[in-house]
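# Topology and contacts: notes
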Amino acid sequence: MTTHDTRPGSTGGADTAGPLHGGPDDEYTPEQLAAMPREDLDRLGARYDGVEVLHVEPGPEPGSALERRYVRQIGAVFALAGLAAFGFVVVYLGSGWFLPDWEWTIDSGTWSTLFTPLLGALMGLSLILVGLGMVLYARKLLPHETAVQDKHDGSHFDRVTTGATLVGGLHNSGLARRKLITRSLAFMGGGLGLMLLLPLGGMIKNPNTGNPLGRTSWAEGVRLLRDDGTPIRPGDQVAGSLETVFPAVPGGNRQADAATMLIRLRPEQVAESDPRAGQADFGYGDYVAYSKICTHAGCPVSLYEQETSRILCPCHQSQFDVTQGAKPVFGPATRSLPQLPLAVDDEGYFVARSDYIEAVGPTYWNRERI
Amino acid sequence: MARTATAPGAPTTRLGKAAHEIDDRLIVAGPLRRTLNKVFPDHWSFLLGEIAMYAFIVLLLSGTYLTFFFDPSMREVTYEGSYAPLRGVEMSAAYDSALDLSFDVRGGLFMRQVHHWAALLFVAAIIVHLLRIFFTGAFRRPRETNWLIGVTLMVLALLEGATGYTLPDDLLSGTGLRIISAIILAIPVLGTWAHFAVFGGDFPGELIIGRFYIVHVLLIPAILLALIAVHLLILVKQKHTQFPGPGRTEHNVVGNRLFPTFAAKAGGLFFIVFGVIAALGGLVQINPIWLWGPYNPAQVSAASQPDWYIMFLDGSTRLFPAWDINLPGNYTIPALFWPTLVLPGILFTLLALYPMIERKLTGDTASHHLLQRPRDVPVRTSLGAMALTFYLLLIISGGNDVLADKFSISLNAMTWVGRLGLIVLPPLAYAFTYRVCLGLQKHDREVLEHGIETGVIRRLPHGEFIEVHQPLGPVDEHGHGQLAYGGAPVPKRMNQIGGARRAIRGFFTPIEEPAQVELEQQREERGVASAEARELTGSGRPSEGGKPQEPRD
Ligand code: HEM
Ligand code: FES
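Residues numbered from 1 in each chain as written. Chains lettered and ligands numbered in written order. Predicted model: local features only at pLDDT ≥ 70, side-chain atom pairs only at ≥ 80, totals over all residues. Heavy atoms only, no water.

### Section: the environment of Tyr391 of chain B
Residues and elements named next belong to chain B. With respect to the helices and strands, the residue Tyr391 is situated in helix α14 (residues 378-398). The buried category is assigned to Tyr391, whose relative accessible area is 19%. Expressed as a C-alpha distance, the spacing of Tyr391 and Tyr213, which sit 178 residues apart in the sequence, is 29 Å. If we ignore the near neighbours within four places in the chain, the residues touching Tyr391 are Ile127, Trp308 and Phe312. (Helix = DSSP H or I, 4+ residues; strand = E, 2+ residues; numbered from the N terminus. Buried < 20%, exposed > 50% of the residue type's maximum accessible area, 1.4 Å probe, protein only. Contact = heavy atoms within 4.5 Å.)

### Some remarks on the site of ligand 1
All names here are of chain B. The immediate surroundings of ligand 1 are formed by 25 residues, with His129, Arg132, Gly150, His231 and Thr241 found nearest. In the environment of ligand 1, a nitrogen atom lies 2.6 Å from a nitrogen or oxygen atom belonging to the side chain of His231. At the level of secondary structure, the elements contributing two or more residues to the shell around ligand 1 comprise α3 (47-67), α5 (108-136), α6 (144-166) and α9 (208-238). Of the residues contributing to the shell around ligand 1, the split by class is 15 nonpolar, 7 polar and 3 charged. (Near = heavy atom within 4 Å. Polar contact = N/O pair within 3.5 Å; in protein donor to acceptor, adjacent residues only side chain to side chain. Nonpolar A, V, L, I, M, F, W, Y, C, P; charged D, E, K, R; others polar.)

### Considerations on the domain arrangement of chain A
As assigned here, chain A comprises domain 1 (1-205) and domain 2 (224-352). Relative to domain 2 of chain A, the C-alpha centre of domain 1 of chain A lies at a distance of 62 Å. (Domains from an automatic or database assignment.)

### Focus on the UniProt feature "domain: Cytochrome b/b6 N-terminal region profile" (unreviewed entry) in chain B
Summarizing the sequence annotation, UniProt attributes the feature "domain: Cytochrome b/b6 N-terminal region profile" (unreviewed entry) to residues 18-244 of chain B in the numbering used throughout. Between the end C-alpha atoms of residues 18-244 of chain B there is a gap of 44 Å, over a span that is 69% helix and 4% strand. (UniProt positions renumbered as here; feature names shortened; annotations may be inferred.)

### Observations regarding α9 of chain B
Residue and element names in this part refer to chain B. Here α9 spans 42 Å end to end across 31 residues, near enough to the 45 Å set by a 1.5 Å rise per residue. Of all bends in α9, the biggest is about 40°, found at Val215. Immediately downstream of α9, the backbone of Lys239 shows phi near 65°, a positive value. (Expected span 1.5 Å × (residues − 1). Bend = angle between axes of the 7 residues up to and from the residue.)

### Overview of the sheet that holds strand β10 (residues 327-330) of chain A
What the 4 strands build is an open sheet, ordered β7-β8-β9-β10 (chain A); its pairing is antiparallel. Edge strands, defined here as strands with exactly one partner in the open sheet, are β7 (303-305) and β10 of chain A. Between one strand axis and the next, the sheet turns through 35° on average, direction left out of account. Looking at chain direction, β7 of chain A and strand β8 (residues 310-312) of chain A are connected through 3 bridges and run antiparallel. In the sheet register, Glu305 of chain A faces β8 of chain A, and the bridge partner there is Arg310 of chain A. In the packing of helix α16 (residues 411-450) of chain B onto the sheet, contacts are made with β8, β9 (319-321) and β10 of chain A, and the angle to β10 of chain A comes to roughly 70°. (Pairing = 2+ DSSP bridges. Axes fitted to C-alpha atoms, helices over the stretch in contact; angles between N-to-C directions.)

### Digging into the state of the cysteines
Cysteine pairs can be linked by a disulfide, which is a covalent bond between their two sulfur atoms. Residues and elements named next belong to chain A. Scanning the entire structure with this criterion turns up 1 disulfide over all chains. The disulfide bridge from Cys299 ends at Cys315, spanning 1.9 Å between sulfur atoms. Here the S-S torsion is close to -85°, and the disulfide linking Cys299 with Cys315 is therefore left-handed. Here Cys299 is found in the loop between β6 (287-291) and β7, whereas its partner Cys315 is found in the loop between β8 and β9, with 16 residues between them in sequence. For the pair formed by Cys299 and Cys315, the shared burial category is buried. (Disulfide = S-S within 2.5 Å.)

### Observations regarding the environment of Gly252 of chain A
Residues and elements named next belong to chain A. Inspection of the secondary structure assignment puts Gly252 in the loop between β4 (242-247) and β5 (260-264). Residue class for Gly252 comes out buried when judged on its relative accessible area of 3%. Along the chain, Gly252 and Glu347 lie 95 residues apart, while their C-alpha atoms are 21 Å from each other. Dropping the residues within four chain positions of it, Gly252 is found in contact with Phe246, Pro247 and Ala258.

### As for the side chain of Thr323 of chain A
All names here are of chain A. One can find Thr323 in the loop between β9 and β10. The buried category is assigned to Thr323, whose relative accessible area is 2%. Side-chain polar atoms of Thr323 contact the side chain of Asp321, separated by 2.7 Å. Once residues within four sequence positions are removed from consideration, Thr323 is found in contact with Gln269, Glu272, Ser273, Asp274, Pro275 and Ser309.

### Concerning the side chain of His368 of chain B
As for its placement among the helices and strands, His368 of chain B is situated in the loop between α13 (337-362) and α14. Residue contacts for His368 of chain B: discarding those within four places in its chain leaves Arg140, Arg141, Pro142, Arg143 and Glu250 of chain B.

### Notes on the environment of Leu235 of chain B
Residue and element names in this part refer to chain B. Mapping Leu235 onto the fold places it in helix α9. Taking the C-alpha atoms as reference, Leu235 lies 22 Å from Ile220; in sequence the two are 15 residues apart. Excluding anything up to four places from it in sequence, Leu235 contacts Asn146 and His240.

### A closer look at the packing of α5 of chain B against α14 of chain B
Residues and elements named next belong to chain B. Relative orientation of the contacting elements α5 and α14 amounts to 155°, with a least axis distance of 9 Å. The angle between the axes of α5 and α14 places the two elements in the roughly antiparallel class. Listed contacts from α14 to Ile127, Leu131, Phe134, Phe135 and Thr136 of α5 are Arg380, Thr381, Gly384, Ala385, Leu388 and Tyr391. When grouped by side-chain class, the residues that make up the contact of α5 with α14 number 7 nonpolar, 3 polar and 1 charged. (Parallel < 35°, antiparallel > 145°, perpendicular 65-115°, else oblique.)

### Let's talk about the pairing of β6 of chain A
β6 of chain A sits mainly inside the fold: 5 of its 5 residues count as buried. Burial of the side chains of β6 of chain A extends over both faces: Tyr287, Ala289 and Ser291 of chain A are buried on one face and Val288 and Tyr290 of chain A on the other.

### Focus: the interface of chain B and chain A
Facing 111 residues of chain B, the contacting portion of chain A comprises 95 residues. In total, about 8800 Å² of surface goes out of reach between chain B and chain A, with carbon and sulfur atoms giving 62% of it. Three residues, Arg106, Trp193 and Arg257 of chain B, lead the burial of chain B against chain A; their summed loss comes to 9% of the area buried on that side. Our enumeration of links across chain B and chain A arrives at 5 salt bridges. One can count 29 residue pairs in polar contact (both at pLDDT 80 or more) joining chain B with chain A. Residue contributions to the side of chain B that touches chain A peak at 18 residues, all from helix α10 (residues 258-283) of chain B. Per-class residue counts for the side of chain B that touches chain A are 52 nonpolar, 34 polar and 25 charged. (Buried area = accessible area lost by both parts, 1.4 Å probe. Salt bridge = Lys/Arg side-chain N within 4 Å of Asp/Glu carboxyl O.)

### Section: the sheet that holds strand β4 (residues 252-257) of chain B
Note on sheets: strands pair through backbone hydrogen bonds, and any given pair is parallel or antiparallel. Reading across from one edge, β1(A)-β2(A)-β4(B)-β1(B) is the order of the 4 strands in this open sheet, with antiparallel pairing throughout. In this open sheet, the two strands that pair with only one neighbour each are β1 (51-57) of chain A together with β1 (39-40) of chain B. With 2 bridges joining them, β1 of chain B and β4 of chain B adopt antiparallel strand pairing. Among the inter-strand pairings, Val39 of chain B is bridged to a residue of β4 of chain B, identified as Arg257 of chain B. Taken strand by strand, helix α2 (residues 38-48) of chain A contacts β1 of chain A together with β4 of chain B, and its axis lies near 140° from that of β1 of chain A.

### Brief notes about the confidence of the model for chain B
Residue and element names in this part refer to chain B. Residue-level pLDDT values for chain B average 89, and 92% of them are 70 or greater. Helix α17 (residues 514-535) is the least confidently modelled element of chain B, averaging 57 in pLDDT, while α5 averages 98, the highest of any element. This stretch, residues 1-5, has a pLDDT under 50; its non-local contacts, to residues over four places away or in other chains, come to 5 contacts. Long-range and interchain partners of residues 526-553, a stretch whose pLDDT sits below 50, account for 59 contacts in this model, where long-range means more than four residues apart. Across the predicted assembly, pTM comes out at 0.90 and ipTM at 0.92. (pLDDT = per-residue confidence, 0-100.)

### Focus on the UniProt feature "transmembrane region" (unreviewed entry) in chain A
Following the UniProt record, the feature "transmembrane region" (unreviewed entry) maps to residues 74-94, 114-137 and 185-204 of chain A here. In residues 114-137 of chain A, the share of helix is 100% and the share of strand is 0%. The end C-alpha atoms are 34 Å apart.

### Description of the pattern of salt bridges
Going through the model one piece at a time under the given rule, you end up with 25 salt bridges over all chains. Between Arg257 of chain B and Asp42 of chain A there is a salt bridge, and its shortest N-O distance comes to 2.9 Å. Of this pair, Arg257 of chain B sits in strand β4 while Asp42 of chain A sits in helix α2, each in a different chain. For Arg257 of chain B, a relative accessible area of 5% translates into the label buried. Taking relative accessible area as the criterion, Asp42 of chain A reaches 32% and is therefore assigned partly exposed.

### Focus: the packing of aromatic side chains
All names here are of chain B. Tallied over the entire structure, the rule returns 32 aromatic pairs over all chains. Among the aromatic residues, ring-to-ring pairing joins Phe134, Phe135, Phe139, Trp147 and Tyr354 into one connected group. Of note, Arg132 hangs over the ring of Phe46, and the distance from its end group to the ring centre comes to 4.1 Å. Above the face of the Trp416 ring, Arg419 is positioned so that its terminal group lies 4.8 Å from the ring centre. (Phe/Tyr/Trp six-rings, centres within 6.5 Å; stacked < 30°, edge-to-face > 60°. Lys NZ or Arg CZ within 6 Å of the ring centre and 35° of its normal.)

Structure below.
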């Protein structure tokens, strides 16, 4: 098997081989092993690994009716699995070739609505059958053996000798004595750690510069626009209705914190209206405007139930009463929806009188209270 | 070591020679044999961890496929693909590419759905696996490390799911992201700083999808993979636990060797798990993002729900009362902080520390390799039932609007039911489970003492009717069984101790001769059954004559 290169330098020195093997080759000569039947070899190796095969219930007798039956069954299962797999290939490749196109169409009931389900059904069927076949094979045709394997606890010998090596190495390094080195190592470690972490500092941004959390693009004279960009006059809406509006700035209707609800109250609602302190004049006539961003976790509040004057947030069901300054009356939200002060410009369209006077959206640590 | 071709044991076949060549270089024969010979206990509940692992493999495969097409960018584009209802709509490139995957990549929708179903199954399998570890006491010394790794895996799986859910940037995931943003903002003192670090500014910014993407496809999967590897290495080192039974001791494992029986069964299970996920992925629509539309901060779809494994947080958020804590100096601890960060923090910490807590309380510091039946550890089982009740209530509350709608209950009533339920029901679950455990224990003891009810009623000479009981082992002079309970299932029906012939094999038609089976049974079971019944409840040490055999529950 091996031929020796005898040129100088290629033998690695005049060494002699030590023990050449992991297994107990000294106890079992090749001749002995060659004389053992395969089953005994299997058991021998198992025993060497701490495994005793206690009991084997052979599978069905070779050639018996039972065996032939199982073989046929399992063969059929694997064949079907292959069939389903080829079915998958046909559907995948054939669509748009000799089968109808797989691409989406507006009407249902076409091949395109069948394509994905067919892929799933065929691949699923194929794989499940492969699995089933393997399990059946193990249960019906393989011999059932019961084996016991020993569990070993940690060895005292291993612990003591490993400990000696570790402690010995540490001791020989003299680190315990050479205080200067340990200290400078600790210093170096701290510096290195910080140095490697610091580039992450690029992620840090000051959330208080310019108060981005407390401001929106609403400002004095900014018109209220519908999603389609049209401005709104008082009287455009029927009493009791709600419209979502955005500031008339570029991209205003995509901003995360600017969405506002313009609500025209019904006369009864106006009568029982009880605005927040200092915000009595924020409305305009029977109109009020509140931030659409829930003060709980920032979902857009959306469902307006005008009989009860409540606005419901679909995320965690906070409810706000529009006649009471959009105060939360149920659910986990703690703060009223901020109110946008309204006015009408020279052309008779709704504008904001200023930005919201408090931060819209969820509460945070240093959010100013008003 | 030069050998001639005629040396005894030298390989003669091609394959044998090749194997020889390989082992000459890699020296793997020894470790390979040890692996092939490794014994695995044969009980269905040991497959749960495997199911989780197989679902993870499917996730890796399908997820990699998705990355070939997905564009994790928040750049605004106009949709031009084949899904007509959205054509011309402005959206992020992420949503656009997810739509392309669904409509313009052949088989892409199938893959998307496979990936989503695999994720749902993955988390479910982890949790059920955890329950089996918990209720059978498999976490006890020496397996605390694997318990900790397991809890970490579960938390990472949740994070992985949450980041993945966000990626398509549809209306649902955007709403979820908005809530994530609010949760980060709710951290006292550091919240706004953390938010600006994660999002690169105010919500939503332009970076978050790209950042979540790399977390979802690289960071968390790499950590998961590494931890799963360690989890399994430790498992191999420590070997499996097993349920008590004949011949099973603290110092052995009884079961099948890896090769071929266990490998065939486990491989089969892999294909079945994969197949079930594939079938679900094709047949059952999941997360049809084209119906939600692109994310728009001013829109929300009613009854928007996160994936099931996040529902418990949704529930706790709905139920927690509106308690902002206003501190002097205009500082606030938002109410949102408690149900979304503190509560899961406490839950996962308690879960992670449970093995240590139990060890402290019971003073049991011994190593255990034999599992416990839940009924035999009523306190732990009841604690588990209590925790499960709490968890399930949170999940249900996560869908309380849907329930309120379906059953026409007022939403406010549902919220209050949830709030009170969280306080009242877990203790009730504890008490109930405790009773059930004791009852089951008692019944086991009764059967051991008096035998199995045979259903045969006999009239005594003086007219009294008694039911005949079949003792499970030797009896004393009063006819009472002398067997001690050994932690293994006690047979309770005559069939389990060979009282009836086994069923004839065959699904539609019998494939065996009844007479032949009868003969075979008489041959085999007469001796075995009685021996088995005698030993089933002993300690099972071979020294006491226990005969190890395959588990039969
Ligand atoms: C990524 C998720 C996970 C995967 C892929 C996984 C995989 C596995 C596998 C294949 C096994 C062996 C089979 C078995 O005993 O069920 C196992 C065992 C174990 N797992 Fe997990 N597991 C995961 C999560 C967890 C979790 C969440 C916990 C607990 C908090 C946990 C704790 C354990 C323990 C203690 C064992 C040893 C059990 C014994 O020997 O009886 N694992 N795991
Ligand atoms: S976000 Fe509105 S209730 Fe939670």
